[in-house]
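Observations on the model geometry
So you can see what is in the structure, the chains are spelled out below.
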Amino acid sequence: MAFNLRDMTAPTQPLRSDRVPTNGNGMVGLEDVYALNSRIREEATFVQVLLGEINKVMVGQPRLVERVLAALLADGHILLEGVPGLAKTLLIKTTAQAIQADFSRIQFTPDLLPADLIGTQIYNPADRTFTVHQGPLFANLILADEINRAPAQVQSALLEAMQERQITIGDTTYRMADLFLVLATQNPIEQEGTYPLPEAQVDRFMMKVLVDYPSEAEERVILDRMTGAPLPAVQPVLTPEQLLAARNLVRAIYVDEKIKDYVLDLVITTRRPAERGLTDLVPLINFGASPRAGIAMIEAARAIAFMQGRGFVTPDDIKQIAPDVLRHRVLVSYEAEAENITSDMIVRRILEYTQVP
């Protein structure tokens, strides 16, 4: 049985990005939305300043930069997939410098142990006591480089810290910092000697972002910038406390009931496509998205709205963020793999078919 999602067509409706949101009861609460919108516009001015500082070093990859900032504002974690040399480390390090946050880079290898991440107790024979040496996870921004090269127990130690926001060493439990972002990378071109992340653990990442090569013009700028004078120093333009305060504003951004229904439609369609009229997708999907997907989609869309100076979420925000939230949560079947159909193609098909409010 052959399927070609590239040729499939479906009824679509135009986006209504300029639509003024209400709370579902006509004009009730409209003044509050306008007031919030005005406040967000004022408070979000630091975003452009931060982007300007990051782009002093970074060249291109605007979507990747936006997703990292969205994860910071939405309190989520990111899984990056891309070949080496695409400035993933440079981005997270530059961002940490610009927001005055602690940065740790962990190179995952097959001989890594959980204690190498979380830390350990060290015995002092002089006074016969143990002292705790905290590992590199005790930082604000963590780059987990090539996470699939470490064995399962190491991956679990990282993912537990991501989910529970705490680390236990000996008999003592330590809370992670309020500002805590894990950016994990995977190399898609090498599978030998790797330990693929279990699907249930991949679900803990808010987004999975695919990183592609820069354009020819961008790469020319990279050559000039990296082979010329030393890179300009990144100036701190934000503090962790200011970023945490911005998160509180992000959580207050208005999400209309119809937007929530739209998100729910997208998530449910990944699980039961036949009920939504997409019977052709039934043999292509093994498992659909979890409830975390809907939560992540709304929170990430709020962050996107904040970065654009809006106090409300539009359908366009959802459509923009949905592929990054869903691609690692929609598990394709062997039949789909045989036909070279990816989760991205399935998500695109669902987005085209689902009615937009």
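In case you missed it, the structure is sitting above this.
Quick notes on the rules
- Residues numbered from 1 in each chain as written.
- Predicted model: local features only at pLDDT ≥ 70, side-chain atom pairs only at ≥ 80, totals over all residues.
- Heavy atoms only, no water.
- Helix = DSSP H or I, 4+ residues; strand = E, 2+ residues; numbered from the N terminus.
- Buried < 20%, exposed > 50% of the residue type's maximum accessible area, 1.4 Å probe, protein only.
- Polar contact = N/O pair within 3.5 Å; in protein donor to acceptor, adjacent residues only side chain to side chain.
- Expected span 1.5 Å × (residues − 1).
- Contact = heavy atoms within 4.5 Å.
- Salt bridge = Lys/Arg side-chain N within 4 Å of Asp/Glu carboxyl O.
- Phe/Tyr/Trp six-rings, centres within 6.5 Å; stacked < 30°, edge-to-face > 60°.
- Lys NZ or Arg CZ within 6 Å of the ring centre and 35° of its normal.

One can find Arg310 in the loop between helix 11 (291–307) and helix 12 (315–326). The buried category is assigned to Arg310, whose relative accessible area is 15%. Engagement of the side chain of Arg310 in a polar contact is seen with the side chain of Gln308, the distance being 2.5 Å. A polar contact is formed between the side chain of Arg310 and the backbone oxygen of Phe312, at a distance of 2.7 Å.

Before going further, it helps to spend a moment on helix 10 (residues 257–271). In an α-helix there are 3.6 residues to a turn, and that puts residues three or four apart on one side. For helix 10, which comprises 15 residues, the first-to-last C-alpha distance of 21 Å matches the rise-based estimate of 21 Å (1.5 Å per residue) to within 8%. Buried within helix 10 are the following residues: Ile259, Tyr262, Val263, Leu266, Val267, Ile268, Thr269 and Thr270. Here the buried face of helix 10 lies against strand 10 (285–287), helix 11, helix 12 and helix 14 (343–353). The opening residue of helix 10 is Asp256, an N-cap whose side-chain oxygen sits 2.9 Å from the backbone nitrogen of Lys258.

To continue, consider the pattern of salt bridges. Throughout the structure, instances matching the rule amount to 20 salt bridges. Between Glu257 and Lys260 there is a salt bridge; the shortest N-O distance is 3.9 Å. A residue pair is termed a helical-turn pair when its members lie 3 or 4 positions apart in one helix, as Glu257 and Lys260 do in helix 10 at three residues. Looking at Glu257, the relative accessible area reads 42%, which means it is partly exposed. The class for Lys260 is partly exposed, based on a relative accessible area of 36%.

The next thing to look at is the side chain of Ser343. The topology assignment puts Ser343 in helix 14. Among the residues examined, Ser343 registers a relative accessible area of 13% and is labelled buried.

In this structure the tally under the stated criterion is two aromatic pairs. Considering the side-chain rings of Phe46 and Phe306, the 5.9 Å spacing of their centres and the 45° angle between planes classify their relative orientation as tilted. Taken together, the residues span a long stretch of sequence, with Phe46 in helix 2 (residues 45–54) and Phe306 in helix 11 at a distance of 260 residues. In this pair, the class of Phe46 matches that of Phe306, namely buried. Residues Phe138 and Tyr174 carry aromatic rings whose centres are separated by 5.9 Å and whose planes lie at 90° to one another, so their mutual orientation is edge-to-face. Of this pair, Phe138 sits in the loop between strand 4 (129–134) and strand 5 (141–145) while Tyr174 sits in strand 7 (residues 172–175), and the two are 36 residues apart along the sequence. Since its relative accessible area comes to 22%, Phe138 is described here as partly exposed. Arg310 extends its terminal NZ or CZ atom over the ring of Phe312, reaching a point 5.8 Å from the ring centre.

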